[in-house]
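# Examination of the molecular architecture
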Amino acid sequence: MRRFLFLLLTCVAVLVAGVAPASAATIRQVTGFGTNPGALQMFEYRPDGLAAGRPVVVALHGCTQNATGYGQGSGWAELAQRAGFTLVLPQQQQANNISQCFNWFSSGDITRGRGEAESIAQMTRWAIADSGADPKRVYVTGLSAGGGMTAAMLATYPDLFAGGGVVAGLPYGCATSMVDAYSCMYPGKDLTPAQWAAKVRAASSYQGPWPTVSIWQGSADYTVAPANQRELMEQWTAVQDVPATPSATDTVAGYPHAVYRDGSGRTVVETYTITGMGHGQPVDPGTGAGQCGQAGAYLLDVNLCAAARMTGSWGF
């Protein structure tokens with residue numbers, strides 16, 4: 001049994017083997033942020049002299065990654081400096097998951113008030129209070145296992161986040177155990193929009209307005225099936241009570257982009273399909289407008305930086 005569980009954990013580790021840690025003296029560890037029932041670590045990047053009333057972004061790494069490596073490689077740290085916001089970087093520990101994956105598939109960690117989800121919520125509240133941030137401008141995003149946990153945070157704490165970005169992630173409630181996670185990852189589960197939405201609505205007593213969601217997926221991802229992008233879109237358009245047919249489509253850097261708007265014309269869900277991209281976070285290294293990130297393992301230079309597009313859509 002132990003060998004079986006080890007093999008399962010090893011397989012889940014492909015939910016993204018990470019980059020080497022990057023040096024960043026301004027990324028600091030924070031302790032004492034709460035009761036921390038999920039036994040996670042908290043890291044933070046806050047630009048010097050940051051004014052009160054600025055946003056907060058919570059960025060969740062993938063398996064075998066760490067907070068600093070993902071914060072630097074994805075481009076979030078440089079964007080925090082450039083655009084002026086507090087960046088919260090939760091970090092998984094091997095005691096919780098041997099491959100350092102956030103446990104997006106564990107019911108004890110994706111339930112409001114419990115486990116890792118509650119630890120991340122405590123970090124977020126601490127950062128809002130400590131930086132004097134605008135509590136209406138708080139966002140969460142993540143890659144792969146971090147993307148799955150992002151969906152969980154949006155579902156379980158919709159009162160805390162104005163929006164989120166799921167990169168190569170999974171719908172909320174797709175799995176409640178490690179074994180169940182495999183069929184979610186590949187080939188994916190096909191539920192009706194109403195079934196998916198019911199899982200989100202059952203995760204809290206919140207009645208809305210719901211967070212906006214940006215969904216990113218490579219069309220050649222053989223770790224997390226591209227079908228998960230469709231299921232995520234159906235989940236969150238149903239939660240938002242808008243049609244699952246795009247309000248408009250275009251291309252961004254040559255890649256298909258679709259938006260789903262509510263009755264007021266506000267974009268509440270959007271999808272980016274990165275044609276030909278495998279499993280990873282889209283980056284576009286450079287110093288130009290809209291560029292960010294560092295190419296590396298599962299940080300894929302596709303001439304489009306997901307983090308920069310998200311900050312733009314969030315109005316930073």
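Conventions used here
- Sequence positions are assigned chain by chain, starting from 1 and proceeding in written order.
- In view of the model being predicted, local features appear only for residues whose pLDDT reaches at least 70, and side-chain atom pairs are presented and counted only at 80 or more, with totals across whole chains, interfaces and linings using the full set of residues.
- Processing note: side-chain calculations cover all non-hydrogen atoms of the structure and skip hydrogens and water entirely.
- In this text, helices come from DSSP runs of H or I with a minimum length of four residues, and strands from runs of E with a minimum of two, each type numbered from the N-terminal end.
- Throughout, radius of gyration means the C-alpha value; the globule benchmark is 2.2 Å times the number of residues raised to the power 0.38.
- The cut-offs for exposure are 20% and 50% of the maximum accessible area for each residue type, with area from a 1.4 Å probe on protein chains only; residues under the lower value are buried, those over the upper are exposed, and the others partly exposed.
- Two residues form a contact once any of their heavy atoms are found within 4.5 Å.
- For the accessible areas, the method is Shrake-Rupley and the probe is 1.4 Å, while residue cover comes only from the protein chains on display.
- Working convention for charge: Lys and Arg count positive, Asp and Glu count negative, and His plus the chain ends are omitted.
- Charged side chains are reduced to one point each, which is NZ for Lys, CZ for Arg, CG for Asp and CD for Glu.
- Only a pair of cysteine sulfur atoms within 2.5 Å counts as a disulfide in this structure description.
- Between N or O atoms, a polar contact is any pair within 3.5 Å; within protein, one atom must be a potential hydrogen donor and the other a potential acceptor, and residues adjacent in sequence are included only when both atoms are from side chains.
- Only buried Ala, Val, Leu, Ile, Met, Phe, Trp, Tyr and Cys residues count toward a nonpolar core, and they belong to the same one when joined by side-chain atoms within 4.5 Å.

### With respect to the overall build of the chain
Within the chain one finds nine helices and 12 strands. In terms of overall size, the chain behaves like a compact globule, its C-alpha atoms giving a radius of gyration of 18 Å where 316 residues would be expected to give roughly 20 Å. Counting every position in the chain, which comprises 316 residues, the buried fraction comes to 57%. Long-range contacts, defined as pairs at least 24 residues apart, comprise 70% of the intrachain contacts of the chain with a sequence gap of at least 6. About 11800 Å² of surface is accessible on the chain, with carbon and sulfur atoms providing 52% of the total. Averaging the locations of the 18 positively and 20 negatively charged side chains of the chain gives two centres separated by 4 Å.

### Structural notes on the state of the cysteines
Tallying each qualifying case throughout the model produces three disulfides. The residue that forms a disulfide with C63 is C101, at a sulfur-sulfur distance of 2.1 Å. Every disulfide takes its handedness from the sign of the S-S torsion; for C63 and C101 that torsion is 120°, giving right-handed. Of this pair, C63 sits in the loop between β3 (56-60) and α2 (67-73) while C101 sits in the loop between β4 (86-91) and α4 (115-131), and the two are 38 residues apart along the sequence. Residue C63 shares its accessibility class with C101, and that shared class is buried. In this model C292 forms its disulfide with C305; the gap between the sulfur atoms is 1.8 Å. Across the S-S bond linking C292 and C305, the dihedral sits near -75°, which makes this disulfide left-handed. One end of the pair, C292, is in the loop between β11 (281-283) and β12 (299-301); the other, C305, is in the loop between β12 and α9 (306-313), with 13 residues separating them in the sequence. Taking relative accessible area as the criterion, C292 reaches 0% and is therefore assigned buried. Owing to a relative accessible area of 1%, C305 belongs among the buried residues under this scheme. Here the bonded cysteines of the chain are numbered in sequence order, and their pairing is 1-2, 3-4, 5-6.

### Some details on the environment of S183
Mapped onto the secondary structure, S183 falls in helix α6 (residues 178-185). S183 sits in the partly exposed class, given a relative accessible area of 29%. Sequence separation of S183 and V224 is 41 residues, and the distance between their C-alpha atoms is 9.8 Å. Those residues within four positions of S183 in sequence are excluded, and the remaining contacts are G188 and K189. Separated by 3.1 Å, the side chain of S183 and the backbone oxygen of D180 make a polar contact.

### Brief notes about α9
Regarding α9, the residues found buried are A306, A307, A308, M310 and T311. On its buried side, α9 packs onto α3 (76-83), β5 (138-143), β6 (163-167), β7 (212-218) and β11. Just past α9, the residue G315 takes up positive phi, approximately 75°.

### Some words on the nonpolar core
Core analysis: the largest hydrophobic core is formed by 46 residues, its most contacted members being V56, V58, M149, M153, F161, Y172 and W236. With residues up to four places along the chain from it excluded, the contact list for Y172 reads I110, A151, A152, A155, T156, W196, K199, V200, A203 and Q235. Among the nonpolar cores identified, the runner-up in size contains 33 residues, and I27, A59, L87 and A307 belong to it.

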